[in-house]
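# Descriptive structure summary
Each chain, written out:
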Amino acid sequence: MLKGDTESKIKLLVYGIGNASRGDDALGPELLARLKQHMLNNQQDANNLFQITLEEAFQLQPEHIYDFEHQDMILFLDADARFSEGTCFTKISGNSLAMKQAYVSHALPPEQLLAMHESLTDEETPPAFALSMGAQHMELEEGLSEQAKTNLAEAEQLLLTLLNSSLDQWQTQATI
Amino acid sequence: MKKVVIEPVSRVEGHGKVTLHVDDDGQVQEARLHIVEFRGFERFIEGRPYWELPLVVQRLCGICPVSHHLAAGKAIDQIAGVSQLSAPAEKLRRLMHWGQTLQSHALHFFHLASPDLLFGMQSEVEKRNVVAVIEAYPDIALKGVKLRKYGQDIIKAISGKKVHGIAAIPGGMNRALKPEEIRTLKEPLNDIIAWSKDAVDIARSLYEQNQPFNANFASLSTPYLSLVSSNGDWEIYDGNMRIKEPNGDIFKDQYPCSEYFNLINEQVKNWSYMKFPFLVEKGTEQGWYRVGPLARVNNCDRFSTPLAEAARQQFMAQSSYGLPHATLAYHWARMIEVLHCAEAIQDILNDNDLTSEDLKRDGQRQATGIGVIEAPRGTLFHHYEVNEDDQVTMANLIVSTTSNNRAMNESIRKVANDHLSGQTLTPELLNLVEVAIRAYDPCLSCATHAMGKMPLQVELLNQQGQQLDKITRSHTGEIA
C-alpha cells in the first residue's frame, strides 16, 4: 500500500486486479505498478487533487469491502476479455442486479463488491469507476500480448489525465 | 448412447462443461466434467531456480495461493537439505495454513454454498445467490465476510502482504511476528470462535433438516485419502498419508509422502485436460478416491481441540455403519475444520515461539523435493527435481481438484440418473448438477478472474454422440 502525502485531498483507492503470470490478466497490476512509479517519480507536483492508496489483488473478495473505509472514491484497474482493443472507462455502482448476476465464481466483480458494501456496512459507499483494458490471452504464461501493451499505454495516458481532473470531469469522461 | 451437456457450472471457480452420455433406456452411463484450465502448471515451473518456487507458485491459483506457497516451501526445504524446521518456523507455517483454511472455507460456505442450503435446492433460481442471503440473513452473511477477513489478516501478518507475500524460504521462514501483531490478531478471537461454532451449527442443522435427501444426494461410497499426524490426529500441514476403505477399514496408514508416486498414478483421458488419479494397488476403475474436508474428518482419529472434536463425534454419529459418505456432508465437515482452525489459532497465538528469530535451518543440497500438504480442497502434491544449476528440471503437481476429478463425475452421474426426466435438460437439473459439483469446492480456473471468463454448460448426448439437448448459464446468470 502506498499513500499520497496530505490529508486534505480527495482520498482515492486504486485497485489493480489480476494475476501477473496469466498473460493479459496482468494488465491491472501492471498499470498499478506504473502508477506507483509515477507517484514515486513525481512526489512534488503529482496528485494535486488526490491522496492515493494503491492496492493489488488477484481477485476481488468479500473482505475487500473493508478497504473502502475512509475513502472518497474508488478506481478499479482491470483486464476485460469482452473486448480486445482499447480501454473502457465507466462509472460503476453496486446494485442488486449486479449482485444477482455475479455469482459464478469465488471472485467478485467490482459491482458486486460495491453492492455488498452497501448492504453489509453502515457507511456510504464511495463513488466508483472502472478503467478496463482489452485482453485476449490469459493462459498461464508471462508477458502481455502486443495488443495488450498498446491498451496499457492508452490506459496509462487516460489514468494520468484523470488524476489531474476533478470528480465532475471523471463523471463526464465515464460511460455508464 | 445419448449425451447431455450442461454448461457452464456457476458458483464453481472457472468455467466448465458437463456432458451426460445416456443409453437407449435413458440411463446416464457416463458424466464428464470438462475443465479447460488445468494445463501448463509444470511448464510454468520448469526451468526456474528452485528458490523462486514458493513465490511463483502462488500465481497458480487466486483462491489458494498460500497452499501452493507452503507445499512448494516444504519441497524446497528438502532440496535445501533441511528435514526438520526450527519450532518457530514450523509454528508460523501452521498458523498461516490455519488462516488460509479458515478464510477459504468461510468464503465457500457463506458466499457460494449457503444459498442452496439456506433456501433449498428447489427454491426459485433467483433466490439462490448471495444477494438473497444478504437480504434474508444479513447476520450470517456478515459473519462469513468477517471470518474470511480474519484469515486474510493472519496471512498478511505473516507474509507481509495480501498477495505475493514472502513467508516460506528454503529451510524456514522469512520473518517472525511482532508482539503488537499478535495482540491485534488476538483481539477478535472470541468472536471468531463463536462465529465458527455457529457455522458448524448452521451446517449441521441444514443438513439434518432434510437428512434423507441430503444423505442420498450425489452420495458416493468411496475410499478417502488425507494426511494424518503420527498419532492419527487431523493434520493439514505435515504428517503421512492415510487411506480408509468405504467401510472405515484402514487401507494404508502412515504412508510416507515421499513415496506418493508408488501409491498414486494418474490416468489420462482424451476428453479432459485434467488427469484422473487412482490408487495403484486398486487400479483405474476401483482405485479412485476422495480428498478434502470429508476425507480428512472421516480419516482422522480425533481433532486436537475440544470444540472441533465434539463436533467431529457428532458428525461421525450420523453413520451407524462405515463412514458418512454424503457429498453434501462436505459442507458440514468443512465448517468443523473452520472451528478447529479458529481454536488452533487461539492456542498458538499464546506461544512465544511466534516472535522468535530462530527461523532458518541449513543442510546439504539435494536434487529432489516433495512437499505434500492438505489444501482446503484436499491433498496437494508438489514434486520437483533440480539440476546442479539450481534449475527445476521436473515438476509434478497433483492438485486437490484433480484428485476429486472422478468423484465429481460420478456425483454428477448419480444426480443426473436420479433427476433427469426424459431427454430434456431443465434449469432445475442444471442447478442440481452445480450443487453436486460445488460440494467439492473445486477450483477450476486457478487464477484468471477477468470479466467474461466465467460461464458453464450441460449437454445431453446419445450413444452416437448426437446432441439431444443443451443448457447454458452465462457468466451473468442467464439460462439459455
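It should be noted that the structure appears before, not after, this text.
I will try to describe carefully the structure that is included in this document. All values reported here derive from a predicted model rather than from experimental measurement.

Looking only at helices and strands, one finds five helices and five strands in chain A. For chain A, the sequential pattern of α-helices and β-strands runs β-α-β-β-β-α-α-β-α-α. When contacts within chain A are restricted to residue pairs at least 6 apart in sequence, long-range pairs at least 24 apart make up 80% of them. Surface summary for chain A: the accessible area is close to 7200 Å², and the carbon and sulfur share equals 45%.

Turning our attention to the sheet that holds strand β2 (residues 50–57) of chain A. All names here are of chain A. Strand order in this open sheet of five strands is β2-β1-β3-β5-β4, and the pairing throughout is mixed. The open sheet terminates on both sides in strands that have one partner only, identified here as β2 and β4 (87–92). Between one strand axis and the next, the sheet turns by 20° as a mean value, whatever way the strands run. Here strand β1 (residues 10–17) runs beside β2; their pairing, made up of eight bridges, is parallel. What sits directly across from Y15, in β2, is E55.

With that settled, consider the sheet that holds strand β6 (residues 224–228) of chain B. Residues and elements named next belong to chain B. With respect to topology, three strands assemble into an open sheet ordered β6-β7-β8, the strand pairing being antiparallel. What marks the edges here is a single partner per strand, and that holds for β6 and β8 (250–255). The average angle at which neighbouring strand axes cross in this sheet is 20°, direction not considered. Pairing of β6 with strand β7 (residues 240–244) involves five bridges; the strand directions are antiparallel. Counterpart to S226 in the pairing with β7 is R242.

Moving on, we get to the nonpolar core. Counting 153 residues, the largest nonpolar core has F76 of chain A together with L20, I45 and Y384 of chain B as its most contacted members. The residues touching I45 of chain B, leaving out its near neighbours within four places in the chain, are L53, V57, L60, Y384, V392, A395 and L397 of chain B.

Turning to helix α14 (residues 329–348) of chain B, a few remarks are in order. Between its terminal C-alpha atoms α14 of chain B stretches 29 Å, which fits the 28 Å expected from 20 residues at 1.5 Å a residue. Within α14 of chain B, 18 of the 20 residues are buried, which leaves it mostly tucked inside the rest of the structure.

Residues and elements named next belong to chain B. Under the criterion given, the structure shown has 37 salt bridges over all chains. The partner of E30 in a salt bridge is R32, with the nearest N and O atoms 3.2 Å apart. Residues D301 and R242 are paired through a salt bridge, measuring 3.0 Å at the closest nitrogen-oxygen approach. On the criterion of sequence distance, the pair formed by D301 in the loop between α12 (293–299) and α13 (306–316) and R242 in strand β7 is long-range, its members being 59 residues apart.

Our next topic: the packing of aromatic side chains. All told, the structure shown has 15 aromatic pairs over all chains when counted by the stated rule. Relative to F76 of chain A, the ring of Y15 of chain A has its centre 6.0 Å away and its plane inclined at 10°; by these criteria the two rings are stacked. With Y15 of chain A in strand β1 and F76 of chain A in strand β3 (residues 73–80), this residue pair connects regions lying 61 residues apart in the sequence. One exposure class covers both Y15 of chain A and F76 of chain A, and it is buried. Put simply, the rings of F50, F89, F129 and W170 of chain A touch in pairs and so form one group of aromatic residues. Positioned over the ring face of Y66 of chain A is K149 of chain B, at 5.7 Å from the centre of the ring.

Once that is clear, we can look at empty space enclosed by the protein. To find the voids left in a structure, one rolls a probe of water-molecule size over its atoms. Counted according to the given criterion, the structure contains six cavities of 30 Å³ or more. If you add up the space inside the largest cavity, you get close to 270 Å³. As for the largest cavity, its lining consists of 25 residues, of which G62, P65, Q152, K162 and V163 of chain B are closest to the centre. Every element with two or more residues in the lining of the largest cavity is listed here: β2 of chain A together with α3 (65–79), α4 (87–119) and α6 (138–159) of chain B. With four residues, α6 of chain B is the single largest residue contributor to the lining of the largest cavity.

Along the polypeptide, H64 of chain A turns up in the loop between β2 and β3. A polar side-chain atom of H64 of chain A sits 2.9 Å from the main-chain amide nitrogen of Q61 of chain A. Filtering out sequence-adjacent residues up to four positions away, H64 of chain A remains in contact with Y15, A57, Q59 and L113 of chain A together with K162 of chain B.

Residue and element names in this part refer to chain B. Burial analysis of strand β11 (residues 368–375) places seven of its eight residues in the buried class, which makes it a mostly covered element. Bridging between β11 and strand β12 (residues 378–386) involves eight bridges; their strand directions are antiparallel. Residue pairing in the sheet places G369 in a bridge with Y384 of β12.

Conventions and cut-offs
- Residues numbered from 1 in each chain as written.
- Chains lettered and ligands numbered in written order.
- Predicted model: local features only at pLDDT ≥ 70, side-chain atom pairs only at ≥ 80, totals over all residues.
- Heavy atoms only, no water.
- Helix = DSSP H or I, 4+ residues; strand = E, 2+ residues; numbered from the N terminus.
- Contact = heavy atoms within 4.5 Å.
- Areas by Shrake-Rupley, 256 points an atom, 1.4 Å probe, with all protein chains shown as cover.
- Pairing = 2+ DSSP bridges.
- Axes fitted to C-alpha atoms, helices over the stretch in contact; angles between N-to-C directions.
- Core = buried A, V, L, I, M, F, W, Y, C linked by side-chain atoms within 4.5 Å.
- Buried < 20%, exposed > 50% of the residue type's maximum accessible area, 1.4 Å probe, protein only.
- Expected span 1.5 Å × (residues − 1).
- Salt bridge = Lys/Arg side-chain N within 4 Å of Asp/Glu carboxyl O.
- Phe/Tyr/Trp six-rings, centres within 6.5 Å; stacked < 30°, edge-to-face > 60°.
- Lys NZ or Arg CZ within 6 Å of the ring centre and 35° of its normal.
- 1 Å grid on protein atoms, 1.4 Å probe; cavity = no way out; pocket = protein on both sides within 12 Å on 5 of 7 lines; lining within 4 Å.
- Points joined across faces, edges and corners; volume = space filled by probe spheres on them.
- Polar contact = N/O pair within 3.5 Å; in protein donor to acceptor, adjacent residues only side chain to side chain.

On their own, these measurements won't tell you what the molecule is for.
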